[in-house]
Each structure stands twice: as C-alpha cells, then as structure tokens.
Amino acid sequence: PAYRDFLAALPKAELHLHIEGTLTPEMKWQLAGRNGVSLPYASIDEMRAAQNFEAPDAPGYLKKFIQHYNEGMLVLRTERDFYDITLSHLARCRDETVRYVEIMFDPQPHLMRGVPFEAFFAGMDEARRVGARDYGVESNFILCINRDLPLDTAHQALGAAAPFRDRIVGFGLDSVEDGNPPAKFTGLYDRARSEGYRLTAHCDVDQRDAVGHIHDCLNLLKVERIDHGINCIEDPALVDVLRERKICLTACPTWRPIDAMPRRVDRIRTMYDLGLKVTLNTDDPGLFLSGTLGTLLPPVAATGNFAPADMAAFMINAFEAAWLPADRRTRY
Ligand code: HPA
Ligand code: ZN
C-alpha cells in the first residue's frame, strides 16, 4: 500500500499516447449515438465482446489491433468530439498526477472521412488550453502518419497541418509496420525536418526486421526518439548507439491478456539495466486492459521488481526527453 501511494503521488509524464486510442467502449458507444454513426453491434456489450481481442507479442497482432483502433475512429466527427476526448484524457491525467503528456493524433483517416484539419485540431488544441489552465496538465501534440495509407495522403496531411505548425511539436509514424518499412518515408521525414518538427517513429514490438527498422529510423529518418523499440536489446552495437546518443525509447508495457505482460516487462527491465533512456507509456489506454498510466505503473513495478527509485527514474527520463524548452523540462 505504501508503494501504491508513492506511485499514485509520483509526478508523471507520458510521451507515447494516441488520442484515438483513449476512446473507451463507453465513449465510443456514446459518440456513435450522438453522431448517428451506426456500429455493427446490437449493444455495447456485444461491441465490448467483439473488441476483446488479444495482443500477445507476435507479428500478426498489430494488424488485428489496428482494425479495432480504426473502427473506434469512425465515431469522431466534430470539433466537439475531439475537444471532449482530449479534455477527458487530461482530466484523468490530473487525477493521476500526470503533469505532462505528448498526445499523438492521426490526421489522415480524419481528413479522408471528411473532418477538416482545422476542426479536429481546433477541438484538441482548445482542450489543451483548458487542461493546462484548469487542471494544471501540460500537453503537446505529435502529428502521426499512418504508414499503411498512401504516401500522398501523408504529404497532404503535412500540408494541411502547415497553418498550425507552431502548435504541433512533433512528427511520428504509426499503424501497420509490416510492408511499410522506415525506408519508404525518407522523403517525407526530410520534409517534416525542414519544416521544423521534432522527429520520432514507431518501431513496434516483434515486427519483421524490428532491429533493422530501428537502425533505419536513426540513419535514414534521423529521428531523435523511437516509439516502442524494445527489440533493440537483440543488437549490442545498436544498444551502444542508443545509449551514447541518449535516444529516448517510449516502451509500452501494455497488455491484453494479462499474461502477455511479463515478457514485455522483462525486456523493459533489460533496457533499463543496460542504461538506456527508456520510458513507460500506455499507448492506447482505452483499448488495452492496462489502462492509464496510473493503473499501469503498480503491476509493472511488481512484475519488473522495480524499486521506487527505479520508477522515479522512468519518470525523470520522460521529463528529460519531453519536447519542452530546456528551462521547463525539469521543473516538475
Ligand atoms: N503501433 C502502431 N500503431 C498504433 C499504435 C501502436 O502502438 N497505437 C496506435 N496506433
Ligand atoms: Zn503507439
């Protein structure tokens, strides 16, 4: 109980969270009703049962997970929807002493179903302002490209983001990795870099050529952060590079089912013991049973046999790697 209290009060930061993945079944059902979007389920329980997919660490899980994630997005239609889901998340951050969060969003699917950039971004950005003012939770946005959608839609999304460039700190890459390796995005990353975005990219868990993808993200895309990246421990030379360059790795010890967790936590323990700048993140708290950062940390501490100082070190890593001006990074 004392350890739980310590974790509950610990000032936290999260660097890997998708706003579309914060949608819980309840919110999805409610927004579908509000927007007249028909979902292929007779009841919320039926939807919940259908969503009860499992995501063990195997190459095929990501595609299955993304199908559910994409279905959830269909209910997001208006500026108010994006305001509501963003502010709901920031309220949970306040309740769990999460002081800073970097929020990823996927513009392409929203644009492709006719939601203008200025609509979804205005909703998210207003929630960011209100969350900072009323909840004391600071946040920043990372525009994420869905790597499995046509490359020209990625360029269109970057173009649509241009008027809001000063309010979007970073640029990332997510969705189905198999068949969409980093090398495909060299030109896109050159453009994002020239426009001044900070750069990250997903190298998801146990993907085909996972280690090669991490190398390519560093050397071709020239990212300063890797999302997931836990397969790096398979390559000692790569570990040396990541450690020397203090590359932040945003690991996600998420689970569903629960027995998928120990293998991820073991590998995060190895990363930590190797001296890598690794952080703990929830990725998609509405979809994974591991939930939000507040519910994730206690079982991770127990499973990984992490001491309170270790858990604090994970949070310090996140605050240090935060895309905030240097003078505001360590004030927590
Ligand atoms: N990996 C790839 N795509 C995603 C993820 C992820 O962790 N979360 C949401 N979209
Ligand atoms: Zn992710």
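Refer to the preceding data block for the structure.
Remember, it's a predicted structure, so these values are computed and weren't measured experimentally.

J.: Sorry, what's going on with the overall build of the protein chain here?
T.: Helices and strands together make up the secondary structure of the protein chain, namely 15 helices and 8 strands. The C-alpha atoms of the protein chain give a radius of gyration of 19 Å, which matches the 20 Å a tight globule of 332 residues would have. Expressed as lengths along the three principal axes of its C-alpha atoms, the size of the protein chain is roughly 50 × 50 × 40 Å. A buried classification covers 58% of the 332 residues belonging to the protein chain. Surface summary for the protein chain: the accessible area is close to 12,700 Å², and the carbon and sulfur share equals 54%. Computing the positive centroid from 38 side-chain charges and the negative centroid from 47, the protein chain places the two 3 Å apart.

J.: Looking at this structure, how should I read the coordination of the zinc ion (ligand 2)?
T.: Geometry reference: four tetrahedral donors at a metal, ideal angle 109.5 degrees. Six octahedral donors, ideal angles 90 or 180 degrees. Looking at the zinc ion (ligand 2), one finds its protein donor set to be His16 (NE2), His18 (NE2), His202 (NE2) and Asp283 (OD), positioned 2.0 to 2.3 Å from the metal centre. Donor residues for the zinc ion (ligand 2) sit on one chain with the sequence pattern H-x1-H-x183-H-x80-D. In this structure histidine 18 comes out as buried when scored by relative accessible area, which is 3%.

J.: Which parts of the structure should I look at to understand the site of ligand 1?
T.: His18, Leu62, Phe65, Ile66, Tyr69, Asp174, Ser175, His202, Asp204, His228, Asp283 and Asp284 make up every residue found near ligand 1. At 3.1 Å, a side-chain N or O of histidine 18 approaches a nitrogen atom of ligand 1. The side chain of aspartate 204 places a nitrogen or oxygen atom 2.5 Å from a nitrogen atom of ligand 1. Out of a free accessible area of 260 Å², ligand 1 has 99% covered by protein chains. The biggest single contributor to the shell around ligand 1 is helix α4 (residues 61–73), with 4 residues. Residues of the shell around ligand 1, tallied by class, amount to 4 nonpolar, 4 polar and 4 charged.

J.: How should I be thinking about the state of the cysteines in this particular structure?
T.: Note on terminology: a disulfide is the covalent bond linking the sulfur atoms of two cysteines. Going through the model one piece at a time under the given rule, you end up with 0 disulfides. Between cysteine 144, a free cysteine, and cysteine 252, which holds the nearest cysteine sulfur, the sulfur-to-sulfur gap is 12 Å. With relative accessibility at 0%, the residue cysteine 144 sits in the buried group.

J.: In this structure, what is going on with the packing of aromatic side chains? I would like to understand it.
T.: Pairs of aromatic rings are described using the distance from one ring centre to the other and the angle between the two planes. Under the criterion given, the structure shown has 18 aromatic pairs. Both rings, one in phenylalanine 121 and one in phenylalanine 164, keep their centres 5.3 Å apart while their planes meet at 45°; by these two values the pair is tilted. You can see phenylalanine 121 sitting in helix α7 (residues 117–135) and its partner phenylalanine 164 sitting in the loop between α8 (151–161) and β4 (170–174), a full 43 residues away along the chain. Both rings, one in phenylalanine 306 and one in phenylalanine 314, keep their centres 5.0 Å apart while their planes meet at 90°; by these two values the pair is edge-to-face. The same class applies to phenylalanine 306 and to phenylalanine 314, which are both buried. Between arginine 165 and the ring centre of tyrosine 197, over which it is positioned, the NZ or CZ distance is 4.2 Å. Sitting above the plane of the tryptophan 323 ring, arginine 225 keeps its charged end 3.8 Å from the centroid.

J.: Which parts of the structure should I look at to understand the sheet that holds β4?
T.: Strands in a sheet are paired, the pairing made by backbone hydrogen bonds, and the direction either parallel or antiparallel. Spatially, β1-β2-β3-β4-β5-β6-β7-β8 is the arrangement adopted by the 8 strands of the open sheet, whose pairing is parallel. Lying at the two open borders of the sheet, with one neighbouring strand each, are β1 (12–18) and β8 (277–280). Taking the axes of each pair of neighbouring strands and ignoring which way they run, one obtains an average angle of 25° across the sheet. The pairing of strand β6 (residues 225–228) with strand β7 (residues 248–251) spans 3 bridges and is classified as parallel. Residue arginine 225 lies in a different strand from β7, and its bridge partner there is cysteine 248.

Conventions used here
- Residues numbered from 1 in each chain as written.
- Chains lettered and ligands numbered in written order.
- Predicted model: local features only at pLDDT ≥ 70, side-chain atom pairs only at ≥ 80, totals over all residues.
- Heavy atoms only, no water.
- Helix = DSSP H or I, 4+ residues; strand = E, 2+ residues; numbered from the N terminus.
- Rg over C-alpha atoms; globule rule 2.2 N^0.38 Å.
- Buried < 20%, exposed > 50% of the residue type's maximum accessible area, 1.4 Å probe, protein only.
- Areas by Shrake-Rupley, 256 points an atom, 1.4 Å probe, with all protein chains shown as cover.
- Lys, Arg positive; Asp, Glu negative; His and termini not counted.
- Charge placed at Lys NZ, Arg CZ, Asp CG, Glu CD.
- Donors = N, O, S within 2.8 Å, 3.2 Å for Na, K, Ca; no water.
- Near = heavy atom within 4 Å.
- Polar contact = N/O pair within 3.5 Å; in protein donor to acceptor, adjacent residues only side chain to side chain.
- Nonpolar A, V, L, I, M, F, W, Y, C, P; charged D, E, K, R; others polar.
- Disulfide = S-S within 2.5 Å.
- Phe/Tyr/Trp six-rings, centres within 6.5 Å; stacked < 30°, edge-to-face > 60°.
- Lys NZ or Arg CZ within 6 Å of the ring centre and 35° of its normal.
- Pairing = 2+ DSSP bridges.
- Axes fitted to C-alpha atoms, helices over the stretch in contact; angles between N-to-C directions.

Function-wise, these values are silent; they only describe arrangement.
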